[in-house]
Amino acid sequence: MTVKQEQALPKILFVLLIITVAIYILPLALLVLNAFKSYDEIMKNVLALPKKFTLHNFTVVFSDMNYPKTFFNTFVVTLIGTCGIVLFGSMAGYKMSRVKTRYSKFSFLYCITPMMVPFQSFMITLVVIARRMHLTNSIVGLGVIYWGLGIPMALFLYQGFAKTIPYELEESALMDGCSQVRLFLQILFPLLRSVTASVIVVNAMWIWNDFLLPLLIIGGSKEHKTLQLAAYSFMGQYKSEWQNIMAAAILIIVPALVIYLIFQKNIIKGLVAGAVKG
């Protein structure tokens, strides 16, 4: 490769990166653009700027979705699901990093295997079991079901990170009379804060934006609808209210985006630390 080719390579890569970013940003830009347009304007030209910016779509969506109620339902589901995943995932991951037996590796692989199983392959069975356990048509029940789906990944991250915590720290605490529960909650868990931030953000965004599981567990219950199910009501058999769908999507995305922007520095750091260390 000549000197000129070596100098041109970074410019080519930069152009390719710009094109890639533009491809990813285009759908979001169209979403925002059309959320301020009327249905007729969207049907005429999706790419055109709105003739007159209006917040009418957001007013209609806020009212029809019963946004405060559905926002609260989605928040409660996300809170219950995320807290359970963090609590049980961290405890299980820490314990598996410390217990060494002939079955340790098998147990660890058995617990993280569900990460590789597609949800669609067992969702019908999951719904049947959820009905028998009276977890359907319930916000709390939906949050509990997310524990089983999210803990395998959290366990994998916590187990890898917990290996880096020295045994001497635990031994000295136990010698001073510290109980196992206090040892974990007050000493060890704070040391897991970087991977905990990643687990919180990844799972909170996943649960907040999930549509399929709430549809299966909540169904048509108006009282327990989440934001995603409420937004789905704008999709009809004969007509889809695209202007309202796009406005609803923005109202759903913004809270999750705020959470991501707050914790974005910890996401990659925690994921790399949990997957690589140890």
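Owing to the predicted nature of the structure, the values given are computational and were not obtained by experimental measurement. (Residues numbered from 1 in each chain as written. Predicted model: local features only at pLDDT ≥ 70, side-chain atom pairs only at ≥ 80, totals over all residues. Heavy atoms only, no water.)

### Brief notes about the packing of aromatic side chains
The description of an aromatic ring pair rests on the distance of the ring centres and on the angle between the ring planes. Across all of its chains, the model carries 13 aromatic pairs by this definition. Arranged with centres 6.4 Å apart and planes meeting at 25°, the rings of Phe106 and Tyr110 form a pair that is stacked. One end of the pair is Phe106 and the other is Tyr110, both in helix H5 (residues 104-112) and 4 residues apart, which spans about a single turn. Taking relative accessible area as the criterion, Phe106 reaches 58% and is therefore assigned exposed. Grouped by ring-pair contacts, the aromatic residues Phe62, Tyr67, Phe71 and Trp208 constitute a single cluster. Seen from the ring of Tyr167, Arg98 lies directly overhead, with NZ or CZ sitting 4.4 Å from the centre. (Phe/Tyr/Trp six-rings, centres within 6.5 Å; stacked < 30°, edge-to-face > 60°. Helix = DSSP H or I, 4+ residues; strand = E, 2+ residues; numbered from the N terminus. Buried < 20%, exposed > 50% of the residue type's maximum accessible area, 1.4 Å probe, protein only. Lys NZ or Arg CZ within 6 Å of the ring centre and 35° of its normal.)

### What about the packing of helix H4 (residues 67-98) against helix H10 (residues 193-209)?
Two elements in contact, H4 and H10, have axes whose closest approach is 9 Å; the angle formed by their N-to-C orientations is 145°. Remark: the crossing between H4 and H10 carries right-handed chirality. Contact residues: H4 offers Phe71, Thr74, Phe75, Val77, Thr78, Gly81, Thr82, Ile85 and Val86, while H10 offers Thr196, Val199, Ile200, Asn203, Ala204, Trp206, Ile207 and Trp208. Tallied by class, residues from the contact of H4 with H10 come to 11 nonpolar, 6 polar and no charged. (Axes fitted to C-alpha atoms, helices over the stretch in contact; angles between N-to-C directions. Left-handed = near helix turned anticlockwise from the far one by under 90°. Contact = heavy atoms within 4.5 Å. Nonpolar A, V, L, I, M, F, W, Y, C, P; charged D, E, K, R; others polar.)

### Considering the environment of Lys225
With respect to the helices, strands and loops of the structure, Lys225 is situated in the loop between helix H11 (212-217) and helix H12 (227-232). As a C-alpha pair, Lys225 and Thr74 span 151 residues in sequence and 8.0 Å in three-dimensional space.

### With respect to the pattern of salt bridges
Under the criterion given, the structure shown has 1 salt bridge. Between Glu170 and Arg98 there is a salt bridge, with its nearest N and O atoms 2.4 Å apart. Placement of the pair is Glu170 in helix H8 (residues 167-175) and Arg98 in helix H4, with a sequence separation of 72 residues. (Salt bridge = Lys/Arg side-chain N within 4 Å of Asp/Glu carboxyl O.)

### Quick word on the side chain of Lys37
Examined against the element boundaries, Lys37 turns out to sit in the loop between helix H1 (3-35) and helix H2 (39-44). A polar atom in the side chain of Lys37 sits 3.1 Å from the side chain of Asn34. A polar contact of 3.4 Å, which involves the side chain of Lys37, links it to the backbone oxygen of Val46. Excluding anything up to four places from it in sequence, Lys37 contacts Ile42, Asn45, Val46, Ala48, Pro50, Asn57 and Gln243. (Polar contact = N/O pair within 3.5 Å; in protein donor to acceptor, adjacent residues only side chain to side chain.)

In short, geometric facts, not functional conclusions.
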